Structure formats: C-alpha cells, structure tokens
Amino acid sequence: MMVGDHFYIGISARTNQEGAQQFIRALEKHGMSGEMVPLHTILHLKTGLSYIENNNLLISGEFLDNPTFSQFHHLKVAVGEEYGANCIWVNGKVLVPAGYPQTQKAIEALGYEVLVVDTSEYRKIDGGLSCLSLRF
C-alpha cells in the first residue's frame with residue numbers, strides 16, 4: 001500500500017520477508033521507503049485497509065488496533081462490510097465496491113466523490129478492486 005513515498009508491505013504466505021526486504025532496498029535506491037506488516041488472518045494487506053489520501057485510511061479487522069497505522073485518520077469499516085475496505089483512490093475519486101452502504105457513506109461524508117463498482121464477478125475468485133487493477 002503506497003502512502004506518498006512510503007510503502008506498507010504485507011507479509012504472508014504470498015509475500016515473505018526476503019521478498020519484502022528486496023523491494024524495500026529497491027525503493028530506497030529511488031528515495032522511497034517501505035516497511036513490513038505481518039498479516040495474521042487475511043491474505044493481502046489491502047483486503048483489510050486502503051489509503052484514500054489526505055491521511056484517511058479505511059481500516060478493518062486485524063488492523064484496527066495495529067499501532068503501525070495509528071497516525072492515520074481511521075474510517076472503521078463496519079462488521080459485515082469488510083470487503084468494502086478494499087477501495088481505490090484515483091484522480092480525486094474513490095472507487096468503492098457495490099453493496100457496502102455504510103462504507104460508501106463514510107467516504108462520502110469526508111467529501112470524496114464515490115464511484116460504485118459492481119465487483120460481484122471478482123468476488124467469485126476472491127478478488128477485490130486493488131487486486132484487479134493496474135494504476136500508474
């Protein structure tokens with residue numbers, strides 16, 4: 001998860017410590033930084049949180065009490081809407097999966113324009129918005 005020039009890297013069965021350290025070394029060569037975040041119950045870091053700019057972080061599950069993210073303004077995702085934590089900020093708008101009205105309202109209450117996206121087909125393969133996107 002990119003926040004400015006700093007990257008948070010989830011450590012799980014898919015990304016191990018050595019791979020994360022290699023990525024951090026590559027970042028540092030370009031004046032950026034990174035840090036590892038162990039994952040305990042979820043597969044991907046951005047399954048449980050998303051940075052939507054302006055110091056705002058959608059956050060759920062195991063990350064709620066994680067001190068790594070204490071400096072951010074937390075938008076706590078309601079129980080039952082955890083899938084809605086995987087959003088994408090792009091060009092001043094936030095892409096939000098359809099079907100998570102509390103999450104959508106919380107984002108809109110901060111003044112963001114929300115674009116609701118039907119992700120029902122992605123969910124069939126455990127995919128979310130950030131899993132299935134390329135952004136430059």
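First things first, this report covers the structure right here in the doc. (Residues numbered from 1 in each chain as written. Predicted model: local features only at pLDDT ≥ 70, side-chain atom pairs only at ≥ 80, totals over all residues. Heavy atoms only, no water.)

Moving on to the overall build of the protein chain. Each helix and strand counted, the protein chain has four helices and nine strands in total. Moving toward the C terminus, one meets the helices and strands of the protein chain in the order β-β-α-β-α-β-β-β-β-β-α-β-α. For the protein chain, the C-alpha radius of gyration of 15 Å lies close to 14 Å, the compact-globule estimate for 136 residues. Across its three principal directions, the C-alpha atoms of the protein chain cover 40 × 30 × 30 Å. Going through the 136 residues of the protein chain one by one, you find that 39% of them count as buried. Taking the intrachain contacts of the protein chain between residues at least 6 apart in sequence as the baseline, contacts between residues at least 24 apart amount to 47%. Summing over all exposed atoms, the protein chain offers an accessible surface of approximately 7900 Å²; the carbon and sulfur share of this is 52%. Positive and negative side-chain charges of the protein chain, numbering 10 and 14 respectively, have mean locations separated by a distance of 3 Å. (Helix = DSSP H or I, 4+ residues; strand = E, 2+ residues; numbered from the N terminus. Rg over C-alpha atoms; globule rule 2.2 N^0.38 Å. Buried < 20%, exposed > 50% of the residue type's maximum accessible area, 1.4 Å probe, protein only. Contact = heavy atoms within 4.5 Å. Areas by Shrake-Rupley, 256 points an atom, 1.4 Å probe, with all protein chains shown as cover. Lys, Arg positive; Asp, Glu negative; His and termini not counted. Charge placed at Lys NZ, Arg CZ, Asp CG, Glu CD.)

With that settled, the discussion passes to the sheet that holds strand β4 (residues 49-51). Here three strands make up an open sheet; going across it, the order is β4-β5-β6 and the pairing mixed. On the outer flanks of this sheet lie β4 and β6 (73-76), each paired with one strand and no other. Between one strand axis and the next, the sheet turns by 25° as a mean value, whatever way the strands run. By the bridge criterion, three bridges tie β4 to strand β5 (residues 56-59) in an arrangement that is antiparallel. Bridge pairing in β5 links serine 50 to leucine 58. (Pairing = 2+ DSSP bridges. Axes fitted to C-alpha atoms, helices over the stretch in contact; angles between N-to-C directions.)

Our focus in this paragraph is the layout of surface pockets. Rolling a probe over the atoms, with the probe sized like a water molecule, indicates the empty space that remains. Empty space within the second largest pocket amounts to approximately 230 Å³. Residue lining of the second largest pocket: 16 residues in total, with Ile42, Thr47, Gly48, Tyr83 and Asp126 positioned closest to the centre. Considered class by class, the residues forming the lining of the second largest pocket number five nonpolar, eight polar and three charged. (1 Å grid on protein atoms, 1.4 Å probe; cavity = no way out; pocket = protein on both sides within 12 Å on 5 of 7 lines; lining within 4 Å. Points joined across faces, edges and corners; volume = space filled by probe spheres on them. Nonpolar A, V, L, I, M, F, W, Y, C, P; charged D, E, K, R; others polar.)

In this section: the sheet that holds strand β1 (residues 2-3). Pairing is mixed in the open sheet, where three strands are placed in the order β1-β2-β3. Of all the strands in the sheet, just β1 and β3 (33-38) have a single pairing partner and so form its edges. Two strands pair when backbone bridges link them, and strand β2 (residues 6-11) and β3 are joined in this way by six bridges, in the parallel orientation. Across the sheet, phenylalanine 7 pairs through a bridge with glycine 34, a residue of β3. Each of β2 and β3 is contacted by helix α1 (residues 17-28), which is oriented at about 160° to β3, the strand it contacts most.

With that settled, consider the packing of aromatic side chains. For the structure on display, the rule yields six aromatic pairs. With a centroid separation of 5.9 Å and an interplanar angle of 90°, the aromatic rings of phenylalanine 63 and phenylalanine 69 are classed as edge-to-face. A residue is classified by how much of its surface remains accessible, and phenylalanine 63, at 1% relative accessible area, is buried. For phenylalanine 69, a relative accessible area of 0% gives the class buried. Put simply, the rings of Tyr8, Tyr51, Phe63, Phe69 and Phe72 pair up and form one aromatic cluster. Above the ring of tyrosine 83, the side-chain terminus of arginine 123 is found at 4.0 Å from the ring centroid. (Phe/Tyr/Trp six-rings, centres within 6.5 Å; stacked < 30°, edge-to-face > 60°. Lys NZ or Arg CZ within 6 Å of the ring centre and 35° of its normal.)

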